[in-house]
Each structure stands twice: as C-alpha cells, then as structure tokens.
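# A look at the structure
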Amino acid sequence: MAGIVAVVGRPNVGKSTFFNRMIQRREAIVDAVSGVTRDRHYGKSDWAGKEFSLIDTGGYVVGSDDVFEKEIDKQVELAIAEADAILFMVDVEAGITGMDEDVARLLRKVEKPIFLVVNKVDNAARLEDAVEFYNLGLGDYYPLSSINGSGTGELLDALVKVL
Ligand code: GDP
Ligand code: MG
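Per an unreviewed UniProt entry, the protein carries the name GTPase Der and comes from Robiginitalea myxolifaciens.

Encoded structure:
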C-alpha cells in the first residue's frame with residue numbers, strides 16, 4: 001500500500017461523490033440533503049501504477065454550527081493521525097464559507113502534503129470563479145468536477161508523487 005489519503009471539508013462540497021468516482025464502487029453515501037449520520041469510509045484506488053487508500057470523512061450529524069465544527073475538528077484529527085496526504089475539498093458553487101476558513105486554519109498547522117481541491121468546476125466559467133480560493137491562503141489549487149471527472153487527472157498526477 002503506497003499511502004493513505006483523507007478527503008476533508010465541510011458537508012456538501014462533494015467528498016463522497018469524489019470518493020465514489022475514485023473507488024468506482026458505491027461505497028460512500030451521497031446525500032442531496034445533508035443530515036444523515038454516517039461513518040467514514042475507506043476504499044482502494046490507484047493512479048499511474050500506484051495504489052493508495054482513500055478515506056471519505058463524510059460522517060456528520062445535522063445540527064448547530066457547534067456540531068459541524070466538532071465534526072470538522074474530528075475529520076482533521078483523523079487526517080493528521082492516519083493520512084499521508086490530505087485533500088481539502090471546497091465547492092465553487094458556494095464559494096468560500098466560514099467553515100472552509102475554519103478548516104483552512106486547522107490545516108495550516110498540519111505538516112503533511114495538503115491539496116486544495118475546488119470541486120464542482122463542471123465548465124470553463126466555473127474555472128474562472130475558482131480563483132477566489134487563493135484567498136484561503138493555502139496556495140495553488142486543483143479545480144475539478146467529481147461529477148464529470150474533468151480535472152481529476154491533474155490532481156492525481158500531483159497526489160501520487162507525494163505518496
Ligand atoms: P459531501 O457531503 O462532501 O460528501 O458531498 P456529496 O458527495 O454528498 O455531494 C453533495 C452534493 O453535491 C450532491 O448533490 C452531489 O451530486 C453534488 N456534487 C458533487 N460533486 C459535484 C460536481 O462535481 N459538480 C456538481 N455540479 N455537483 C456535485
Ligand atoms: Mg459525504
């Protein structure tokens with residue numbers, strides 16, 4: 001096993017959709033409506049001949065901001081403890097949210113490779129919208145669409161280099 005990759009981010013950015021695409025099996029649960037308690041899921045994937053494990057840190061309970069914040073802390077803790085690389089996913093449809101900024105703040109302290117993934121970049125217009133994510137202070141980002149697959153190759157090329 002070459003490495004463990006955790007996908008973190010606030011609810012609804014598309015973590016489970018990405019996970020499902022990567023593992024090509026319907027193991028993670030994708031919700032159009034948030035609010036289901038779920039466990040994290042593990043799956044295997046490979047790219048350019050390198051195999052790795054993916055963690056979908058999807059489990060959360062609907063509720064107050066407090067509950068979300070605790071869940072995000074938990075995701076980041078898990079990622080720090082278990083992962084060799086972290087995919088921090090955000091959503092170009094929604095833009096930067098307060099919760100994204102909270103996650104970014106936590107991740108800045110983590111000394112592991114972090115890839116900022118701007119999801120839902122389904123078309124060229126959204127590619128332009130993605131530039132705002134430079135403001136998260138994490139440097140360059142990988143725009144992609146977990147639904148149609150565009151952009152995933154660039155991310156995976158960079159990811160497997162650090163595994
Ligand atoms: P999670 O809570 O971060 O795991 O997010 P989900 O994977 O459950 O996705 C939340 C919603 O975003 C669902 O309605 C998905 O269909 C949608 N979604 C996920 N990826 C994309 C994408 O690349 N483009 C678009 N337009 N929608 C997406
Ligand atoms: Mg999920």
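Text resumes after the structure shown.
Turning next to the overall build of the protein. Helices and strands together make up the secondary structure of the protein, namely five helices and six strands. In the protein, the succession of α and β elements from N to C terminus is β-α-β-β-α-β-α-β-α-β-α. Going through the 163 residues of the protein one by one, you find that 36% of them count as buried. In the protein, once contacts between residues fewer than 6 apart in sequence are set aside, the share between residues at least 24 apart is 68%.

Strand 5 (residues 114-119) sits mainly inside the fold: six of its six residues count as buried. Burial along strand 5 is two-sided: the residues Ile114, Leu116 and Val118 and Phe115, Val117 and Asn119 are all buried. In the sheet, strand 4 (residues 85-91) pairs with strand 5 via six bridges, with the strands oriented parallel. By the bridge assignment, Val90 is partnered in strand 5 with Val118. At this point the chain moves from strand 4, through helix 3 (residues 98-107), to the parallel strand 5, and the crossover so formed is right-handed. Pairing of strand 5 with strand 6 (residues 141-143) involves three bridges; the strand directions are parallel. In the strand pairing of strand 6, Val117 is matched with Tyr142.

Moving on, we get to the pairing of strand 1 (residues 4-8). Strand 1 sits mainly inside the fold: four of its five residues count as buried. Examined bridge by bridge, strand 1 and strand 3 (residues 50-56) share four bridges and lie parallel to one another. The partner of Ile4 across the bridge, within strand 3, is Ser53. As paired elements, strand 1 and strand 4 share four bridges and run parallel to each other. In the sheet register, Val5 faces strand 4, and the bridge partner there is Ala85.

What follows concerns unusual backbone geometry. With a phi angle near 80°, Asn12 is a residue other than glycine that sits in the positive phi range. Summarising the element assignment, Asn12 is placed in the loop between strand 1 and helix 1 (15-23). What makes Asn12 partly exposed here is the crowd of 15 C-beta atoms within 10 Å. Of note in this structure, Ala48 is not a glycine but carries a positive phi near 50°. Structurally, Ala48 is set in the loop between strand 2 (41-47) and strand 3.

Attention now goes to the nonpolar core. Ranked by internal contacts, the top residues of the largest apolar core, which has 37 residues, are Val7, Ile86, Phe88, Phe115, Leu116, Val117 and Val118. Of all the elements in the fold, those that place two or more residues in this core are strand 1, helix 1, strand 3, helix 2 (65-82), strand 4, strand 5, strand 6 and helix 5 (152-162). The element contributing the most residues to this core is strand 4, with six residues. Excluding residues within four positions of it along the chain, Leu116 makes contact with Phe88, Phe133, Leu136, Leu138, Tyr141 and Tyr142.

Attention now moves to the sheet that holds strand 2. The six strands lie next to each other as 2-3-1-4-5-6, forming an open sheet whose pairing is mixed. Looking at strand neighbours, the two that pair on one side only are strand 2 and strand 6, the edges of this open sheet. Each strand of the sheet is rotated relative to its neighbour by a mean of 30°, with strand direction disregarded. The pairing of strand 2 with strand 3 spans seven bridges and is antiparallel. Looking at the pairing, Lys44 lines up with Ser53 of strand 3. Lying over the sheet, helix 3 contacts strand 1, strand 4 and strand 5, oriented at roughly 160° with respect to strand 4. Across the sheet, helix 5 is in contact with strand 1, strand 2, strand 3, strand 4, strand 5 and strand 6; its angle to strand 5 comes to roughly 165°.

The rules behind the values
- Residues numbered from 1 in each chain as written.
- Chains lettered and ligands numbered in written order.
- Predicted model: local features only at pLDDT ≥ 70, side-chain atom pairs only at ≥ 80, totals over all residues.
- Helix = DSSP H or I, 4+ residues; strand = E, 2+ residues; numbered from the N terminus.
- Buried ≥ 20, exposed ≤ 12 C-beta atoms within 10 Å, placed from the backbone.
- Contact = placed C-beta atoms within 7 Å.
- Pairing = 2+ DSSP bridges.
- Right-handed = clockwise from strand over helix to strand, strands pointing away.
- Core = buried A, V, L, I, M, F, W, Y, C linked by C-beta atoms within 7 Å.
- Axes fitted to C-alpha atoms, helices over the stretch in contact; angles between N-to-C directions.

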